[in-house]
Amino acid sequence: RGYTGEISIKSVSPLPNGSNIITYTLTGTVEVIDEISIMITELPVGKWTTDYKQLLETMLIGNNAVKAADKSDNPSDKPD
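The model shown is predicted, which means the values in this text are computed figures rather than measured ones.

Right, let's get into a nonpolar patch on the surface. Together, Ile-7, Ile-9, Val-12, Ile-22 and Tyr-24 line one region of the surface with nonpolar side chains, adding up to about 480 Å² of accessible area. Of all the secondary-structure elements, those providing two or more residues to the nonpolar patch are strand S1 (6-14) and strand S2 (20-27). The greatest single-element share of the nonpolar patch, amounting to three residues, is contributed by S1. As for its placement among the helices and strands, Ile-7 is situated in strand S1.

The next thing to look at is the confidence of the model for the protein. Here the protein shows a mean pLDDT of 78. Residues at 70 or above account for 75%. By mean pLDDT, strand S6 (residues 65-66) is the weakest element of the protein at 51, and S1 is the strongest at 93. Ignoring residues within four places in sequence, the model shows residues 67-73, a span with pLDDT below 50, making nine contacts including any to other chains.

As judged from the five bridges shared by strand S3 (residues 29-34) and strand S4 (residues 37-42), these two strands associate in the antiparallel manner. Residue pairing across strands places Val-30 opposite Ile-40, the latter belonging to S4. Two successive antiparallel strands, S3 and S4, enclose a turn made up of two residues.

Reading the values: the criteria
- Residues numbered from 1 in each chain as written.
- Predicted model: local features only at pLDDT ≥ 70, side-chain atom pairs only at ≥ 80, totals over all residues.
- Heavy atoms only, no water.
- Patch = residues over 30% accessible without salt bridge, like charges linked within 9 Å, V, L, I, M, F, W, Y side chains within 5 Å.
- Areas by Shrake-Rupley, 256 points an atom, 1.4 Å probe, with all protein chains shown as cover.
- Salt bridge = Lys/Arg side-chain N within 4 Å of Asp/Glu carboxyl O.
- Helix = DSSP H or I, 4+ residues; strand = E, 2+ residues; numbered from the N terminus.
- pLDDT = per-residue confidence, 0-100.
- Contact = heavy atoms within 4.5 Å.
- Pairing = 2+ DSSP bridges.

Set out below in structure tokens:
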């Protein structure tokens, strides 16, 4: 209810009984403020603020510079 992120189908795997297992990718919402600042306005469903903050802190290098995250760093693509 009220979720502003994106929900998209990642894969569909058929089962022998004719039904399907559907895997989804959940993406939060972020706004780029300037070259060194972003504002996260919506976390992916199931992600907790404290856990996400810890993830972001692992990306910090130097004095507040954030390394570029490639697609494999996207926490919404990883199982819990």
